[in-house]
Amino acid sequence: MEDIIQVGTIGLIKAIDRFELARGVEFPTFAMPTIIGEIKRFFRDTSWSVRVPRRLQELRLDLAKAGDELAQQLDRAPTVAELAERLGISADEVVEGMAASNAYTASSLDAQPEEDDTEGALADRIGYEDHGLEGIEYVESLKPLIAELPPRDRKILSLRFVAGMTQSEIGEELGISQMHVSRLLSRTLVKLRKGLTLEE
């Protein structure tokens, strides 16, 4: 409340500075829109959990108004296309405005879920240890080494480790024996191991 009083006082001071007696308008009539404008601006700029551009703040209000009007007319929630047509903007802008609406209020990570208190706080339920992160360094180190391999060796690696085919299936695919696939695969893996060791 103290902040609102302070902002209203600033609006009053601005109104006093801009007021001209020669216009023939009473001071309260002139001052009220200025004070209300300052208070509205204060709420607009400080009530968002995450700062978003003013354009998106205004778009959020337009979307809410258009959404309510269309929901009454259609007896259902309007689609993105219907909102875009109503406001004369693109569907992408509607989606951007809807996403920006999520920034208006933020949920506490420590808050308990309303429907089931046994689940614990949100902070306890989000995030997990991604074991795939360990392999990223190896994948990035292997990329240039794999790019240097002959096309057939790359194909064998891809069929074996990406497609998950057996050596026999790879042999059938390439028209070579399973033994030959095994030798080529072993040779390629040795080459890649050496490349990684040299890099380290």
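Residues numbered from 1 in each chain as written. Predicted model: local features only at pLDDT ≥ 70, side-chain atom pairs only at ≥ 80, totals over all residues. Heavy atoms only, no water.

An unreviewed UniProt entry lists the protein under the name RNA polymerase sigma-70 domain-containing protein, with Streptomyces haneummycinicus as the source organism.

It is worth spelling out the UniProt feature "domain: RNA polymerase sigma-70" (unreviewed entry) in the protein at this point. The UniProt record annotates "domain: RNA polymerase sigma-70" (unreviewed entry) at residues 3-16. Within residues 3-16, the helical portion is 100% and the strand portion 0%, while the C-alpha atoms at the span's ends are 20 Å from each other. (UniProt positions renumbered as here; feature names shortened; annotations may be inferred. Helix = DSSP H or I, 4+ residues; strand = E, 2+ residues; numbered from the N terminus.)

In an α-helix, one full turn covers 3.6 residues, which means residues spaced three or four apart are oriented alike. Among the residues making up helix α5 (residues 91-101), those that are buried are V94, G97 and A100. All buried residues of α5 fall inside an arc of 125° around its axis, so they share one side. On the buried face of α5, the contacting elements are α3 (54-74) and α4 (80-87). (Buried < 20%, exposed > 50% of the residue type's maximum accessible area, 1.4 Å probe, protein only. Arc of directions from axis to C-beta. Contact = heavy atoms within 4.5 Å.)

Judged by nonpolar contacts, L145, L149, I156, L157, L159, M165, I170, V181, L184, L185, L192 and L196 together constitute the single largest core of 12 residues. Going through the elements one at a time, α8 (151-162) and α10 (178-199) are the ones with two or more residues in this core. If you tally residues by element for this core, the top one is α10, at 5 residues. Filtering out sequence-adjacent residues up to four positions away, L185 remains in contact with I156, L157, R160, F161 and Q167. (Core = buried A, V, L, I, M, F, W, Y, C linked by side-chain atoms within 4.5 Å.)

Taken as a whole and judged by the stated rule, the model has 2 aromatic pairs. Ring centres of F19 and F27 lie 5.2 Å apart, and the angle between their planes is 90°; this geometry places the pair in the edge-to-face category. For F19, a relative accessible area of 22% puts it in the partly exposed group. Ring geometry for F19 versus F30: centroids 5.7 Å apart, planes at 55°, classification tilted. Here F19, found in the loop between α1 (2-18) and α2 (27-46), pairs with F30, found in helix α2; they are 11 residues apart in sequence, far enough to count as distant. One aromatic cluster is present, built from ring pairs that chain together F19, F27 and F30. (Phe/Tyr/Trp six-rings, centres within 6.5 Å; stacked < 30°, edge-to-face > 60°.)

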